[in-house]
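Chain by chain, the residues run as shown.
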Amino acid sequence: MIIGRSVPRIDGHAKVTGKAVYVDDLPPRPGELWGVTVRSPVAHGTLRGIELDPAFDWSDVTVVTAEDLVAMGVENLVALIEEDQPILATGVVRHVYEPVALVACADRDKAERARAAVKLLIDPLPAVLSLDEGTVVQKKYRIDRADVDAALAASEVVIEGTYRVHHQEQLYIEPQGVVASWHEGETPVVHVAGSLQCPYYVHKALKKAFHLVDDAAARVEQTVTGGGFGGKEEYPSMIGLHAALLARKSGRPVRLIYGRKEDIEATTKRHPAVCKVTLGCKRDGTFEAIKVDVVMDGGAYVTLTPVVLSRGTLHACGAYRFAHHRVESRAVATNTPPNGAFRGFGAPQTIWAVERHVDAVARALGRSPIDLRRQNLLQKGDLTSTGQVLDVSVGGQECLDAATKAADFDRRARDLEAWNAAEAAAGRRKRRGLGISTFMHGAGFTGSGEHRLKGKVQVDLERGGRLRVRSASTDIGQGTETIFQQIAAEAADLAFEDVSFENPDTSKVPDSGPTVASRTVMVVGSIVQKAAAAVASHVRAKAAPGESFATAGDRLLAAGDAETKCLVQYVPPQSRAFDDATYQGDAYPCYSWACDVAEVEVDLDTFETRVLRLFTAHDVGKAINPVLCAGQVEGGTLQAIGWAIHEAIVWRKDGSIANARMTNYIVPTSVDAPEFHTTLVEVPYPNGPGGAKGVGELPMDGGAPAVANAIEHALSADLRWGAGVLLPDLPLLPENVFERARRAEVVS
Amino acid sequence: MKLQVNGVMHEVEASPTARLLDVLRGPLGLTGTKEGCGEGECGSCTILLDGLPVNACLVLAGQAEGAEILTVEGLAAGQLAPLQQCFVDDGGAQCGICTPGMLIAAEALLRRNKAPDDAEIREAIAGNICRCTGYQRIVDAIKHAAVVRAGGAS
């Protein structure tokens with residue numbers, strides 16, 4: 001079996017020797033220019049004009065503004081869901097850092113000086129800078145199942161709470177960038193290579209803006225990508241368009257790579273949200289009805305907000321059984337940079353709320369957070385908020401059991417309480433606590449998404465009995481190359497070494513759909529499996545008695561046999577259709593499940609939190625490559641911990657960012673990170689390769705509430721607070737925890 | 001200007017006030033050393049300067065004259081060094097952009113401490129930010145490499 005084995009990652013050698021070529025490692029092309037972006041310093045305003053400083057030498061500088069797009073016949077639009085975002089602002093600017101003009105020069109320093117010599121004439125307008133002030137609704141959804149109002153009215157216990165979460169920056173360590181060239185009258189006309197997750201998104205945006213009819217007219221290829229986490233899902237379309245425009249106007253190749261500051265300021269972030277939860281249950285803790293009101297901050301343009309809000313809506317009732325559900329959600333526009341894809345994609349925001357609320361209910365009922373979760377966790381046969389019957393691969397209970405067992409939860413909690421008592425008796429100021437979260441994440445695109453996407457892969461036989469996997473699914477660190485080779489080798493009954501992976505390049509691979517939504521292994525992997533099996537079985541069927549696979553393959557290739565290539569399109573499994581109007585039906589083909597147990601230490605003087613240990617169990621269906629899979633779980637969980645206790649974007653009153661540097665946007669280092677104890681649970685999903693389902697986003701969902709729950713446990717002997725939870729809002733920076741603790745009653 | 005990099009003396013045309021990072025990546029073509037922030041926070045450009053880990057984005061090329069420079073390209077001699085092999089086998093590299101700097105920081109540690117414990121490893125790589133792994137597998141890989149370097153089982 002190659003599936004299930006921790007084969008060393010195929011790109012590992014290049015990455016540990018420094019030979020892997022990232023976008024900034026591409027050798028300079030002859031005549032190449034350095035491109036920069038001129039951005040609005042104003043959150044909202046009327047753009048009256050653009051002035052080029054007459055004292056500056058513009059002779060070797062290319063400048064592109066919205067007027068040039070008109071002159072070139074380019075459609076001023078970044079193609080995505082809604083057609084509202086311009087490539088370059090015209091008439092009005094809607095957020096600080098909005099691109100207004102582009103500049104390129106062979107001399108990089110001069111390009112930077114030229115940027116400063118472009119003057120934007122903007123008359124400021126009133127700006128909306130937080131979701132509380134937002135009135136323009138970008139999208140809304142409503143789930144209404146059974147009779148929530150009647151059920152809440154009849155419930156023995158009804159608890160309400162409101163929970164807020166903040167922006168988060170992806171902070172991939174390689175900033176965004178592309179190199180573009182324009183070849184008038186040739187094929188392709190436009191060529192973009194860069195750090196990106198979704199080559200066909202950029203391809204679509206180029207085709208739309210430049211009115212290219214032929215698919216081959218635009219070529220987009222991925223360079224080795226230094227992390228993405230959603231941040232390189234949609235934004236590379238913008239950078240690709242900018243670089244292509246400069247290349248077209250100048251007739252030279254253009255390199256456009258962001259510095260760290262620009263990357264943090266201008267690119268997308270996680271949507272802030274506020275959720276109001278009302279939960280009705282029996283006195284014995286049985287959940288009956290839930291009502292959730294969700295508001296997200298979409299930012300200045302719609303970009304991916306409708307899909308992020310959708311996933312947030314579908315995860316708002318958590319991993320628990322209710323007979324009555326209502327979720328009403330809306331995203332509002334603000335004059336801040338558009339928020340976009342970030343691992344978890346709306347789910348961490350609503351899961352934070354429902355997990356915190358379950359802790360509030362546990363407190364009100366005097367129940368342990370574990371027992372209350374165990375009592376209400378969704379099980380096989382239960383219904384979700386969309387009325388989907390969970391009929392397959394439901395591993396929530398297994399994860400809860402595995403994580404609490406690994407942590408030896410009850411004993412550890414008692415030991416920590418004893419440790420705290422000893423610390424207190426000795427007059428010391430450190431306290432420790434244990435917290436838990438349980439959660440699920442829908443794998444693959446929501447509802448009818450995969451029907452619309454029609455993702456494809458191709459597997460080709462090559463000389464020597466080898467197979468080549470052609471897919472647009474990108475490896476951005478998670479190990480796609482290696483895992484697809486494992487899946488193909490297993491399906492074809494060949495050695496791992498006999499399979500190779502074509503670099504995602506729109507001139508060489510079909511559109512497999514984007515690398516998002518925890519769909520790569522489960523959805524695209526399943527068609528890699530089918531295509532590889534089809535080619536291999538064809539070769540074996542045509543082989544003469546005693547003829548080796550390689551010899552038979554070479555003979556078929558020489559004869560031009562058409563079935564030595566196999567293109568497979570994904571067909572979603574038969575399921576109850578999802579109704580986009582009522583939000584009822586099968587929202588996802590299946591769900592992945594998890595439980596986190598966090599052990600923290602809180603300093604009673606500084607209110608700093610350290611996460612000492614993190615026990616986690618993730619039901620991934622089947623770990624194709626356990627080392628890579630556990631790497632996803634741990635890395636995603638640490639991002640969640642970062643979001644909870646370290647990371648915060650600081651907004652100035654003018655809508656700009658005060659901490660757009662790695663010096664002051666703080667992500668966890670090795671000394672901040674906990675010791676991880678990871679268990680991979682495998683409750684197979686029959687339609688995934690080897691039983692596998694999605695894992696990429698799930699780990700982002702549960703870290704923050706587990707840490708919050710643990711902090712409250714740590715403080716529980718020293719502080720007494722009223723109804724609900726002590727910590728309803730993120731981030732849990734020391735000053736915020738202090739502020740909450742200050743309002744609580746100190747137990748003397 | 002003369003720079004000794006990975007045991008080889010290079011004659012290079014560059015301003016002594018250029019960042020060492022740019023000289024390595026540009027004229028010397030050693031693009032294994034990465035730039036993540038340009039202000040000494042991320043550690044992606046960590047190199048050894050006379051055996052000490054430094055951020056090449058904060059060092060002027062002229063300051064490196066006469067010193068011995070080690071970059072990620074100098075770690076493998078023919079085959080992968082144990083540290084590199086352990087990073088590949090144990091899941092120490094995901095997207096790989098922090099990996100060259102992380103390896104160099106680990107190399108510096110293992111040169112001065114042949115059997116570091118977890119806390120010493122975490123301290124030694126605290127200046128190297130990884131956004132992918134959660135660090136556990138990097139710590140495990142470095143510990144594993146220490147055993148291999150000491151002649152233990154791989």
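Predicted model only: the values in this text are computed from it and were never measured. (Residues numbered from 1 in each chain as written. Chains lettered and ligands numbered in written order. Predicted model: local features only at pLDDT ≥ 70, side-chain atom pairs only at ≥ 80, totals over all residues. Heavy atoms only, no water.)

## Here's the deal with the overall build of chain A
Right, on to step 1. Each helix and strand counted, chain A has 19 helices and 25 strands in total.
Right, on to step 2. Relative to its length of 748 residues, chain A is compact, with a C-alpha radius of gyration of 27 Å against a globular reference of 27 Å.
Right, on to step 3. If you line up chain A on its principal axes, its C-alpha atoms span 80 × 80 × 50 Å.
Right, on to step 4. Within chain A, the fraction of its 748 residues that count as buried is 64%.
Right, on to step 5. Only carbon and sulfur atoms are counted for the fraction: they give 51% of the accessible area of chain A, which is about 25700 Å². (Helix = DSSP H or I, 4+ residues; strand = E, 2+ residues; numbered from the N terminus. Rg over C-alpha atoms; globule rule 2.2 N^0.38 Å. Buried < 20%, exposed > 50% of the residue type's maximum accessible area, 1.4 Å probe, protein only. Areas by Shrake-Rupley, 256 points an atom, 1.4 Å probe, with all protein chains shown as cover.)

## Quick notes on the sheet that holds strand 19 (residues 499-501) of chain A
Residues and elements named next belong to chain A.
Right, on to step 1. With respect to topology, four strands assemble into an open sheet ordered 19-18-17-20, the strand pairing being mixed. Each of the sheet's edge strands pairs with one partner strand only, and the pair in question is strand 19 and strand 20 (565-569). Pairwise comparison of adjacent strand axes, ignoring direction, gives a mean angle of 20 degrees for this sheet.
Right, on to step 2. Where strand 18 (residues 466-470) lies against strand 19, three bridges are found, and the strand directions are parallel. From the neighbouring strand, Leu467 faces strand 19, where its bridge partner is Val499.
Right, on to step 3. Along the sheet, helix 15 (residues 520-542) contacts strand 17 (456-462), strand 18 and strand 20; its crossing angle with strand 17, the most-contacted strand, is approximately 30 degrees. (Pairing = 2+ DSSP bridges. Axes fitted to C-alpha atoms, helices over the stretch in contact; angles between N-to-C directions. Contact = heavy atoms within 4.5 Å.)

## Quick notes on the interface of chain A and chain B
Right, on to step 1. With 49 residues of chain A at the contact, the number on the chain B side is 40 residues.
Right, on to step 2. Carbon and sulfur atoms supply 56% of the area buried between chain A and chain B, which totals about 3600 Å² over both sides.
Right, on to step 3. Counting the surface chain A buries against chain B, the share from its top three residues, A:Val16, A:Ile173 and A:Ser670, is 20%.
Right, on to step 4. Viewed at the interface, chain B and chain A are joined by six salt bridges.
Right, on to step 5. Close ionic contact of B:Arg25 with A:Asp25 constitutes a salt bridge, the shortest N to O distance being 2.7 Å.
Right, on to step 6. Counting across the interface, chain A meets chain B through 25 residue pairs in polar contact (both at pLDDT 80 or more).
Right, on to step 7. At the level of elements, helix 1 (12-17), helix 17 (626-645) and strand 23 (675-681) of chain A are the ones that each hand at least two residues to the side of chain A that touches chain B.
Right, on to step 8. It is helix 17 of chain A that contributes the most residues to the side of chain A that touches chain B, eight residues altogether. (Buried area = accessible area lost by both parts, 1.4 Å probe. Salt bridge = Lys/Arg side-chain N within 4 Å of Asp/Glu carboxyl O. Polar contact = N/O pair within 3.5 Å; in protein donor to acceptor, adjacent residues only side chain to side chain.)

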